[in-house]
Amino acid sequence: MSDDAMKLVVVGAAGRMGQALIRLIHATDGVTLHAAVARPGSAFIGKDAGEIAGLGPIGIPMTDDPLAAFLHAEGVIDFTMPATSVTFAGLAAQARIVHIIGTTGCSDEDEAKFKAAARHARIVKSGNMGLGINLLSVLVEQAARALPSNDWDIEVLEMHHRHKVDAPSGTALLLGQAAAKGRGIDLNDSSVRVRDGHTGPRPAGTIGFATLRGGGVVGDHSVIFASESERLTLSHNAGDRSLFARGALQAALWARDKKPGFYSMLDVLGLSTR
Ligand code: NAD
């Protein structure tokens, strides 16, 4: 480990993404695990974070004290739950450290709190930390801009593992936002999130979402552009969680020397069209 390795705290350290992050930090030059934070009351508190992640002991016990964990850290990587991420955003802003947020299912109120915290912290937040989906979102925005809404309908289809608790996925919403941006419309006013029963015909100009859940699927997404006579499908399939963890570490290293602000993975990857 080099002396200037970035000291990172993983919160939600016992979770699926938390464990993937601990394994990847261990295997990556330029970053080091400073602390691992689990949910208060978790049976993992006091256990070695490396053991939980399947690495064997690494000498870092899981803690439920984020304040102590953030002291002398440079960044926190957070794939947890919306209310938890809001709390950690306040603490990371106080500690003036980088906060990478992968948590999905956040409300508009949560987003406003993240943006307030970003006056003091460097926050990178994305519903998907991977290069492939972020590139896909740029392509979706272009396609939505090029294909006129009176002829072409847009549907976003996603499938995830049976444990996922929010729907549509953060990635599906990210792709829907990209399509709405390309169309010059507000996704909140024009999305159809559920269909059931006698729905009537499809309202023109809307962006539809369909959600599948089952098995161990890490994340499959398709954006379908459908006209009367042709169909264009842009798709992505995630193979394993390490791709999100890799993106999160890349974001932390990118944000290390940035000014406080609210950034996305498009900024990190140089794909931003803002
Ligand atoms: P998970 O349920 O396996 O892990 C979440 C962990 O957070 C749990 O271990 C839980 O105990 C912990 N947690 C909750 N409250 C806490 C607290 N106060 N302090 C410390 N830890 C706390 O879920 P997961 O599959 O790892 O996903 C986590 C989140 O990340 C979800 O919102 C998921 O949708 C999202 N996700 C995002 C991306 C992305 O690229 N942005 C990729 C995968 C998953």
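Visitor: Mind laying out the overall build of the chain, listing which residues take part and the relevant values?
Guide: Helices and strands together make up the secondary structure of the chain, namely 10 helices and 12 strands. Each of the three principal axes of the chain carries a C-alpha extent, and together these read 60 × 40 × 30 Å. Split into buried and exposed, the 274 residues of the chain put 49% on the buried side. When the accessible surface of the chain is summed, it comes to about 13,200 Å², and 52% of that surface belongs to carbon and sulfur atoms. Averaged over its 27 positive side-chain charges, the chain has a centre that lies 2 Å from the centre of its 28 negative ones.

Visitor: Requested: an account of the nonpolar core, with residues and values cited.
Guide: Grouped together as the largest cluster of nonpolar side chains are 38 residues, with contacts concentrated most on I77 and I100. If you list the elements that add at least two residues to this core, you get β1 (6–11), α1 (16–27), β2 (31–37), α2 (49–52), β5 (98–101), α9 (242–255) and α10 (265–269). The element that contributes the greatest number of residues to this core is α9, accounting for 8 residues. Residues contacting I100, with those up to four places away along its chain left out, are V76, I77, D78, V124, M129, A248, A251 and A252.

Visitor: How would you summarise the pairing of strand β7 (residues 153–160) if you had to cite specific residues and measurements?
Guide: Relative to strand β10 (residues 220–226), β7 runs antiparallel, the two sharing 7 bridges. Opposite M159, over in β10, you have D220 as the bridge partner.

Visitor: An account of α1 is needed here, citing residue identities and associated values.
Guide: The end-to-end C-alpha distance of α1, which contains 12 residues, comes to 17 Å, matching closely the 16 Å that a straight helix rising 1.5 Å per residue would cover. Looking at α1, one finds that the buried residues are M17, G18, Q19, A20, L21, I22, L24 and I25. Those residues of α1 hidden inside the fold are in contact with β1, β2, α2, β4 (75–78) and α9.

Visitor: An account of helix α6 (residues 131–146) is needed here, citing residue identities and associated values.
Guide: The terminal C-alpha atoms of α6, which comprises 16 residues, lie 23 Å apart, in line with the 22 Å expected from a rise of 1.5 Å per residue. Within α6 the residues assigned to the buried category are I133, N134, L136, S137, V138, V140, E141, A143 and A144.

Visitor: Please provide a residue-by-residue account of the side chain of D78, values included.
Guide: Mapped onto the secondary structure, D78 falls in strand β4. The buried charged residue D78 lacks any salt bridge, with K125 as its nearest oppositely charged partner at 9.8 Å. Polar side-chain contacts of D78 include one of 3.0 Å to the side chain of H99. What D78 contacts, discounting residues up to four positions off in sequence, is V11, S85, F88, H99, I100, I101, G102 and T103.

Visitor: I'd like to hear about the site of the ligand, residue by residue, with values.
Guide: With respect to spatial proximity, 23 residues lie near the ligand, and among them R16, M17, G102, T104 and M129 are the closest. Note that an oxygen atom of the ligand is positioned 3.3 Å from one of the backbone N or O atoms of G15. A distance of 2.6 Å separates an oxygen atom of the ligand from a polar side-chain atom of T104. Look at the ligand: alone it shows 860 Å² of surface, and the protein chains cover 81% of it. When residues of the shell around the ligand are traced back to their parent elements, those giving at least two are α1 and α4 (82–94). When its residues are assigned to classes, the shell around the ligand shows 9 nonpolar, 10 polar and 4 charged.

Calculation rules
- Residues numbered from 1 in each chain as written.
- Predicted model: local features only at pLDDT ≥ 70, side-chain atom pairs only at ≥ 80, totals over all residues.
- Heavy atoms only, no water.
- Helix = DSSP H or I, 4+ residues; strand = E, 2+ residues; numbered from the N terminus.
- Buried < 20%, exposed > 50% of the residue type's maximum accessible area, 1.4 Å probe, protein only.
- Areas by Shrake-Rupley, 256 points an atom, 1.4 Å probe, with all protein chains shown as cover.
- Lys, Arg positive; Asp, Glu negative; His and termini not counted.
- Charge placed at Lys NZ, Arg CZ, Asp CG, Glu CD.
- Core = buried A, V, L, I, M, F, W, Y, C linked by side-chain atoms within 4.5 Å.
- Contact = heavy atoms within 4.5 Å.
- Pairing = 2+ DSSP bridges.
- Expected span 1.5 Å × (residues − 1).
- Salt bridge = Lys/Arg side-chain N within 4 Å of Asp/Glu carboxyl O.
- Polar contact = N/O pair within 3.5 Å; in protein donor to acceptor, adjacent residues only side chain to side chain.
- Near = heavy atom within 4 Å.
- Nonpolar A, V, L, I, M, F, W, Y, C, P; charged D, E, K, R; others polar.

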